[in-house]
Amino acid sequence: MAKINSNYRKLPKSYLFSEIAKRTEAFLEKNPKVEILKLGIGNTTEPLAPSVIDGLINGVKKLAKLDSYTGYGDEQGDSRLRQALSDWYKHSLPAGAGKKRGINLLADEIFISDGAKPDAANISSIFSPDSVVAITDPVYPVYLDSNVIAGKKIVYLSADEKNGFIPTLPKQKVDLIFLCFPNNPTGAVATKKQLKEFVDYATGNRAVIIFDAAYSEYIKDKNLPTSIYEIKGAKSCAIELQSFSKSAGFTGVRLGWTVVPKDLIVEGSQPGEINQFWHRRQTTMFNGASNIAQEGGLAILSAEGQKQTRKQVNYYMENAAIIKRGLKDMGLTVFGGENAPYLWVKCPEGLSSWEFFDKLLKKAHVVGTPGSGFGQMGEGYLRLSAFGHRENVRKAMISIKENLNL
Ligand SMILES: *Cc1c(COP(=O)(O)O)cnc(C)c1O
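In this text the structure is predicted, and so the values were computed from the model without any measurement.

So, the site of the ligand
Working step 1: Near the ligand, the surroundings consist of 15 residues, among which Asp212, Ser243, Ser245, Lys246 and Arg254 are the closest.
Working step 2: Tyr215 has a polar side-chain atom sitting 2.6 Å from an oxygen atom of the ligand.
Working step 3: Between the ligand and Ser245 there is a distance of 2.6 Å, counted from an oxygen atom to a side-chain nitrogen or oxygen.
Working step 4: Isolated, the ligand exposes 390 Å² of accessible area, and the fraction of that covered by the protein chains is 94%.
Working step 5: Under a 2 Å grid-point criterion requiring more than half of the atoms, the pocket assigned to the ligand is the largest pocket.
Working step 6: For the shell around the ligand, the elements supplying multiple residues, two or more each, are helix H4 (116-122) and helix H7 (245-248).
Working step 7: Residue composition of the shell around the ligand, by class: seven nonpolar, four polar and four charged.

Now the structure itself:
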């Protein structure tokens, strides 16, 4: 007799975005003439850079000719793209920095994926089923839900105003630690010193850090780390998830990568074995990212591609600055938005996340994302996103100023 995986019943109810849509539609039904201004979504809005479009077109054109057609590629990705990423880690200049990244990774430590979200959800499968998993609260829900589905024991690390939204180390022994900096939803970025504490904890406890760096290109402060591998010792205790989604507008094209260093070891594993396990997992359960998307990825990593995609990131970060300045001028307390495309707004007047959401919707016609949707510790906050057209952002700020009357 077949039985369901009853762990699915343990999942926190995922009503966040459907509830937002429901409340927005109900308001629009009563006020059909109102223009709704969305500042809630974590989705890119600006068209792809011209050189990236050229790369994608080149990918399509190759498929049109007998001598350049390709079918299935290597499951771990096009070797040119893996080498280009290895070079990017070593030689590229992060936006705010005066010096190169200087990170040494071999091409076969880099696995091309169709995005960071699936890898974030699948990575735990190469570790023991009885691993204890540390998850931050608030959190990007994928880390939590995928580990609940797998029946893992979860330990929460609170991120609040007191610790500057950088969670403190687990008090007990944990096996896997999911971290994301720059953070979605809080916009917080850990310093090198703070990450070093996690690396030291992981080294001491033979734990593994799963580091989601999807927003690394939004870091402008040259002292902040853009990769976990900027921290000494991280190669033996950390896996990094990365993506072209937010840095180059590939949310719909789909392309990312995961770094599993050969130095990575856990209790009872041989050097290189975890890298081999992920290789085995991917060759078994994944058939590789789209060859067209990978041509696009190569174009993103070209000098021109880097210049053009950086301009897009700057565009979103100007949005973030406009929102942050506007809200602060009104006396609101706002975190994030300086090295991340998210702003974490403290709800005024002791309002709950949903109460502030409703007030913003009904009075200013602006849609945010209630912080409580990202975990208990998100209660009392609202996430605003810098993704959006400038005109829409400006309109939203004017409307908030004129109509919110705090
Ligand atoms: C958007 C986002 C990603 C990117 O996911 P893809 O599957 O690559 O589109 C990864 N991590 C976080 C925290 C995100 O917000």
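Things to note about the pattern of salt bridges
Working step 1: For the structure on display, the rule yields 17 salt bridges.
Working step 2: A salt bridge links Lys346 to Glu161, with the shortest nitrogen-to-oxygen separation between them at 2.8 Å. You can see Lys346 sitting in strand S10 (residues 342-346) and its partner Glu161 sitting in the loop between strand S4 (153-158) and strand S5 (176-180), a full 185 residues away along the chain.
Working step 3: Residue Lys346 is classed as partly exposed on the basis of its relative accessible area of 32%.

Section: the sheet that holds S5
Working step 1: Strand order in the open sheet formed by seven strands is S2-S8-S7-S6-S5-S3-S4, with mixed pairing between adjacent strands. Edge positions in the open sheet fall to strand S2 (110-113) and S4, since each of these has one partner strand only. Here the average twist between neighbouring strands, direction ignored, is 20°.
Working step 2: Both S5 and strand S6 (residues 208-212) contribute to a ladder of five bridges, which runs parallel. Looking at the pairing, Leu179 lines up with Phe211 of S6.

Things to note about helix H10 (residues 303-329)
Helical periodicity: at 3.6 residues per turn, an α-helix aligns residues three or four positions apart in one direction.
Working step 1: For H10, with 27 residues, the first-to-last C-alpha span of 39 Å sits near the 39 Å given by 1.5 Å per residue.
Working step 2: Gly331 lies just past H10 and shows a positive phi near 90°.

Quick word on the packing of aromatic side chains
Working step 1: Taken as a whole, this structure holds 19 aromatic pairs when the rule is applied.
Working step 2: For the pair Tyr316 and Phe387, a centre-to-centre distance of 4.9 Å together with 75° between the ring planes defines the contact as edge-to-face. Placement of Tyr316 in helix H10 and of Phe387 in the loop between strand S13 (381-385) and helix H12 (390-403) is noted, with a sequence separation of 71 residues between them.
Working step 3: With relative accessibility at 1%, the residue Phe387 sits in the buried group.
Working step 4: Measuring from centroid to centroid gives 6.1 Å for Tyr342 and Phe387, while their planes differ by 80°, and the two rings are edge-to-face. With Tyr342 in strand S10 and Phe387 in the loop between S13 and H12, the pair connects residues that are 45 residues apart, well separated along the chain.
Working step 5: Note on Tyr342: relative accessible area 0%, which makes it buried.
Working step 6: Put simply, the rings of Tyr215, Tyr218, Tyr315, Tyr316, Tyr342 and Phe387 touch in pairs and so form one group of aromatic residues.
Working step 7: Stacked on the ring of Trp88, the Lys or Arg Arg101 has its end atom at 3.9 Å from the ring centre.
Working step 8: Directly above the ring of Tyr315 sits Arg390, whose terminal nitrogen or CZ lies 4.4 Å from the centroid.

Cut-offs used in this document
Numbering of residues begins from 1 in every chain and follows the order in which that chain's sequence is written. Two thresholds apply to this predicted model, a pLDDT of at least 70 for residue-level local features and 80 or more for giving and counting side-chain atom pairs, whereas whole-chain, interface and lining totals are computed over all residues. Side-chain metrics in this entry use all non-hydrogen atoms of the structure; hydrogen atoms and water are not considered. The nearness test applies per residue and asks whether one of its heavy atoms lies within 4 Å of the molecule or strand. Any pair of N or O atoms that falls within 3.5 Å is considered a polar contact. Within protein, one atom must be able to donate a hydrogen and the other to accept it, and sequence-neighbouring residues count only if both atoms are side-chain atoms. Using the Shrake-Rupley algorithm and a 1.4 Å probe, accessible areas are obtained, with residue cover drawn only from the displayed protein chains. Think of a 1 Å grid over just the protein atoms. A cavity is a set of points where a 1.4 Å probe fits yet cannot get out, a pocket is an open set with protein on both sides within 12 Å along at least five of seven lines, and lining residues have an atom within 4 Å of a point. To qualify as sitting in a cavity or pocket, a molecule needs more than half of its atoms within 2 Å of the grid points. Starting at the N terminus, helices and strands are each numbered in turn, a helix being any DSSP run of H or I of at least four residues and a strand any DSSP run of E of at least two. Each residue is assigned to one class: nonpolar for Ala, Val, Leu, Ile, Met, Phe, Trp, Tyr, Cys and Pro, charged for Asp, Glu, Lys and Arg, and polar for all the others, Gly among them. Any carboxyl oxygen of Asp or Glu that lies within 4 Å of a side-chain nitrogen of Lys or Arg is treated as forming a salt bridge with it. To sort residues, take the accessible area from a 1.4 Å probe on protein chains only and compare it with the maximum for the residue type: under 20% means buried, over 50% means exposed, and anything in between is partly exposed. Between any two strands, pairing holds if DSSP finds at least two bridges. For helices, the fitted line uses only the C-alpha atoms of the stretch in contact; every axis is such a line through C-alpha atoms, and the angle between N-to-C directions lies from 0 to 180 degrees. The length a helix should cover is 1.5 Å for every residue beyond the first. Here is the rule: rings of Phe, Tyr and Trp (six-membered ring for Trp) pair when centre to centre is within 6.5 Å. Planes less than 30 degrees apart are stacked, more than 60 are edge-to-face, and the remainder are tilted. Charge-over-ring placement is defined geometrically: NZ (Lys) or CZ (Arg) within 6 Å of the ring centre, and within 35 degrees of the ring normal.

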